[in-house]
Amino acid sequence: MPFLFHRWTGRMVALCAAAAAATLLALGAFCVYRGTQTGDPPDSGWGAWEVERVADWSASVRVNAQVHAAEAEVHMGKAESITIKAYG
């Protein structure tokens with residue numbers, strides 16, 4: 001009888017360990033899927049574009065208040081432009 005009880009207890013421990021591992025795996029996958037770094041920051045947090053112009057150059061910058069993020073667009077002349085996005 002003690003041998004049967006030992007086998008049943010071992011199976012229950014293994015089942016609980018497997019359930020805990022599956023739960024942690026699912027939670028980890030959900031956190032990675034829903035993380036803040038998976039896409040662009042929310043649109044509601046962006047401030048207005050601040051624009052500065054000098055001759056043929058212009059720079060536009062905006063900052064997101066909800067997350068540590070900023071975007072900048074630099075235009076040089078009529079044909080060249082650079083877009084910089086920093087998400088921290």
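Caption draft 1: A look at the sheet that holds strand S2 (residues 57-64). Strand order across the open sheet formed by four strands is S1-S2-S3-S4, with antiparallel pairing between neighbours. With partners counted over all chains shown, the strands left at the sheet margins are strand S1 (50-54) and strand S4 (80-87), one partner each. Within the sheet, the average angular offset between the axes of one strand and its neighbour, ignoring direction, is 10°.

Caption draft 2: Spotlight on the pairing of S2. Burial along S2 is one-sided: the face carrying Ser58, Ser60, Arg62 and Asn64 is buried and the face carrying Trp57, Ala59, Val61 and Val63 is not. Bridge analysis of S1 against S2 gives five bridges, and the strand direction is antiparallel. Counterpart to Val51 in the pairing with S2 is Ser60. Connecting S1 to the antiparallel partner S2 that follows it, the hairpin turn spans two residues, and Ala55 within it adopts a positive phi of roughly 50°. Sheet analysis places S2 next to strand S3 (residues 69-76), joined by eight bridges and oriented antiparallel. In the sheet register, Arg62 faces S3, and the bridge partner there is Glu71. Count of turn residues in the S2/S3 antiparallel hairpin: four residues.

Caption draft 3: Representation of the side chain of Ser60 within the structure. Structurally, Ser60 is set in strand S2. Residue classification places Ser60 among the buried residues on the basis of a relative accessible area of 10%. In this view, Ser60 contacts Trp49, Glu50, Val51, Glu71, Ala72 and Glu73; residues no more than four positions away in its chain are not counted.

Caption draft 4: Molecular detail of the environment of Ala69. Locating Ala69 in the fold gives a position in strand S3. It is 5.5 Å that separates the C-alpha atoms of Ala69 and Ala86, two residues lying 17 residues apart in sequence.

Caption draft 5: Layout of the packing of aromatic side chains. One pass over the structure, following the stated rule, counts zero aromatic pairs. When the ring centre of Trp46 is taken as origin, the NZ or CZ atom of Arg62, which lies over that ring, is 4.4 Å away.

Caption draft 6: Inspection of the pairing of S4 at higher detail. Examined bridge by bridge, S3 and S4 share eight bridges and lie antiparallel to one another. Pairing of His75 across the sheet is with Ser81, part of S4. Where S3 folds back onto S4 in an antiparallel hairpin, the turn is made up of three residues, including Gly77, whose phi is positive at roughly 75°.

Rules and cut-offs
- Residues numbered from 1 in each chain as written.
- Predicted model: local features only at pLDDT ≥ 70, side-chain atom pairs only at ≥ 80, totals over all residues.
- Heavy atoms only, no water.
- Pairing = 2+ DSSP bridges.
- Helix = DSSP H or I, 4+ residues; strand = E, 2+ residues; numbered from the N terminus.
- Axes fitted to C-alpha atoms, helices over the stretch in contact; angles between N-to-C directions.
- Buried < 20%, exposed > 50% of the residue type's maximum accessible area, 1.4 Å probe, protein only.
- Contact = heavy atoms within 4.5 Å.
- Phe/Tyr/Trp six-rings, centres within 6.5 Å; stacked < 30°, edge-to-face > 60°.
- Lys NZ or Arg CZ within 6 Å of the ring centre and 35° of its normal.

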